[in-house]
Amino acid sequence: MKLRVPDYYKKFKCIAGRCSDNCCIGWEICIDEKTMEFYNAVTGEFGKKLRDNIKNGSFMLCGERCPFLNEENLCDIIINLGENRLCGICTEHPRYYGWYGDVKEGGIGLCCEEAARIILEYGNSGSFFEEDIPCEETEDVDEEIYEFLFGARENIFRFLERKDISF
C-alpha cells in the first residue's frame, strides 16, 4: 500500500501553548483501546489523575477544556508521559486520511492555525510524497470514478501553479 501526502505534510508540528486557538478545547476526545490499556497501567498520582478524568472511553471535559490541558495550554500527558503516549486522536490531529484502493492519502486540515499557515506557505506546489506502508483494510473503489477525480485534481493543481494568473 502507498501513503501519499502533500510535500509539506511532514512540516507540521503542533505549536502548543503558542496557538491562539486550541484543539483541546470544545470537543470530546475519545481514547483508543491500546492507549486506554496503557493509561490504566500508569501508576502514581498521575495514573490516578488519568483514570479519574476518563469516562466511557473519553476524557471528561472540565468546562470546555481537556482535563490535561494546563494553564499554559500545554498537555500534561506529554509533560508527564511523553508525546508517544497520546491517544490516537491527539497524536494525529489535524492530520486526516482517505483510503482509495491501495492508496492511503493524507493531509493536514485548515482547522488548525499552524496547519493553515503551512498550507498557505507551501501548499501551492501540488507535489506529493509517497512511501510504502503496511496494507490496511479498505473498501473497493470504483476505478473509473477514482481516475476521473484524481485527474481533475491534477488539472486543478496545474492551474494553481500557473504564474501568469493571480491565485
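So, a few notes on the structure that sits alongside this text. Keep in mind that this is a model prediction, so the values were computed, not measured. (Residues numbered from 1 in each chain as written. Predicted model: local features only at pLDDT ≥ 70, side-chain atom pairs only at ≥ 80, totals over all residues. Heavy atoms only, no water.)

**A few points about the side chain of Ser58**
Threshold: In DSSP terms, a helix is any run of H or I states spanning at least four residues, a strand is any run of E spanning at least two, and both are numbered starting from the N terminus. To sort residues, take the accessible area from a 1.4 Å probe on protein chains only and compare it with the maximum for the residue type: under 20% means buried, over 50% means exposed, and anything in between is partly exposed. Any pair of nitrogen or oxygen atoms within 3.5 Å is treated as a polar contact; in protein, a donor-acceptor pairing is required on top of that, and neighbouring residues in sequence qualify only through side-chain atoms on both sides. Between two residues, a contact is recorded if the distance between any of their heavy atoms is within 4.5 Å.
Its place among the elements puts Ser58 in strand E3 (residues 58-59). Ser58 gets classed as buried once you look at its relative accessible area, which sits at 4%. Side-chain polar atoms of Ser58 contact the side chain of Glu28, separated by 3.1 Å. Beyond its immediate sequence surroundings of up to four residues, Ser58 is in contact with Glu28, Ile29, Cys30, Ile31 and Asn53.

**Points about the packing of aromatic side chains**
Cut-off, in case you're wondering: Only rings of Phe, Tyr and Trp enter the pairing, Trp through its six-membered ring, and a pair is recorded when the two centres are within 6.5 Å. The plane angle decides the type: under 30 degrees is stacked, over 60 is edge-to-face, the rest tilted.
Per the counting criterion, the structure on display carries eight aromatic pairs. Relative to Phe68, the ring of Phe46 has its centre 5.8 Å away and its plane inclined at 65°; by these criteria the two rings are edge-to-face. Placement of the pair is Phe46 in helix H2 (residues 44-52) and Phe68 in the loop between E3 and helix H3 (76-81), with a sequence separation of 22 residues. Here Tyr97 and Trp99 contribute two aromatic rings whose centre-to-centre distance is 6.3 Å and whose plane-to-plane angle is 50°, an arrangement assigned as tilted. Judged by its relative accessible area of 37%, Trp99 falls in the partly exposed class.

**A look at unusual backbone geometry**
Cis peptide bonds are those with omega within 30 degrees of zero, and the linkage from His93 to Pro94 qualifies with 10°. With respect to the helices, strands and loops of the structure, Pro94 is situated in the loop between helix H4 (88-92) and strand E4 (95-100).

**Observations concerning H2**
Quick note on the threshold: Of all possible arcs, the one meant is that of the directions from the helix axis to the C-beta atoms.
Every buried residue of H2 is accounted for by Phe46, Gly47 and Leu50. Taken end-on, H2 shows its buried residues confined to a sector of 105°, consistent with a single buried face. Of the surrounding elements, those touching the buried residues of H2 are helix H1 (33-41), strand E2 (54-55) and H3.

**A short note on the pattern of salt bridges**
In a structure, side chains of opposite charge can pair up when their charged atoms sit close to one another. As a reminder of what qualifies: Salt bridge, as applied in this entry: a Lys or Arg side-chain nitrogen positioned within 4 Å of an Asp or Glu carboxyl oxygen.
This model, assessed by the stated rule, comprises ten salt bridges. Note that Glu105 is salt-bridged to Arg4, the shortest N-O span being 3.2 Å. Taken together, the positions of Glu105 in strand E5 (residues 103-108) and Arg4 in strand E1 (residues 2-6) put the pair 101 residues apart, joining distant regions of the chain. When its relative accessible area of 15% is taken as the criterion, Arg4 is described as buried. Lys48 is paired through a salt bridge with Asp52; the nearest N and O atoms lie 2.6 Å apart. Of this pair, Lys48 and Asp52 both sit in helix H2, four residues apart, which is roughly one turn of the helix.

**Topic: the sheet that holds E1**
The following threshold applies: Two strands qualify as a pair provided DSSP detects at least 2 bridges between them. Only the contacting stretch of a helix is used when fitting its axis, a line to C-alpha atoms as for every element, and angles between N-to-C directions run 0 to 180 degrees.
Pairing is mixed in the open sheet, where four strands are placed in the order E4-E5-E1-E6. Since the sheet does not close on itself, it has two edges, and those belong to E4 and strand E6 (128-132), each with one partner. Between one strand and the next, the sheet's axes are offset by a mean angle of 25°, whatever the strand orientation. Relative to E6, E1 runs antiparallel, the two being bridged by five bridges. The partner of Pro6 across the bridge, within E6, is Phe128.

**Considerations on the nonpolar core**
In plain terms, the rule: The nonpolar core is taken to be a set of buried Ala, Val, Leu, Ile, Met, Phe, Trp, Tyr and Cys residues, with the residues joined through side-chain atoms within 4.5 Å.
Ile31, Tyr39, Leu50, Phe59, Cys66, Phe68 and Ile77 are the most contacted members of the largest nonpolar core, which has 16 residues in total. Every element with two or more residues in this core is listed here: H1 and H2. Grouped together as the second largest cluster of nonpolar side chains are twelve residues, Leu3, Tyr8, Phe12 and Ile118 included.

**Description of helix H5 (residues 113-122)**
Among all positions in H5, only Glu114, Ala115, Ala116, Ile118 and Ile119 are buried. Against E5 lie the buried residues of H5.

**Some remarks on a nonpolar patch on the surface**
Here is the rule: Each patch is assembled from residues with relative accessible area greater than 30% and no salt bridge, linking like charges that lie within 9 Å and nonpolar side chains (Val, Leu, Ile, Met, Phe, Trp, Tyr) that lie within 5 Å. Here the accessible surface of atoms and residues is derived via Shrake-Rupley with a 1.4 Å probe, and residues count as covered only by protein chains that are part of the display.
On the surface, a cluster of nonpolar side chains totalling about 340 Å² of accessible area is made up of Ile156, Phe159, Leu160 and Ile165. For Leu160, a relative accessible area of 32% corresponds to the partly exposed category.

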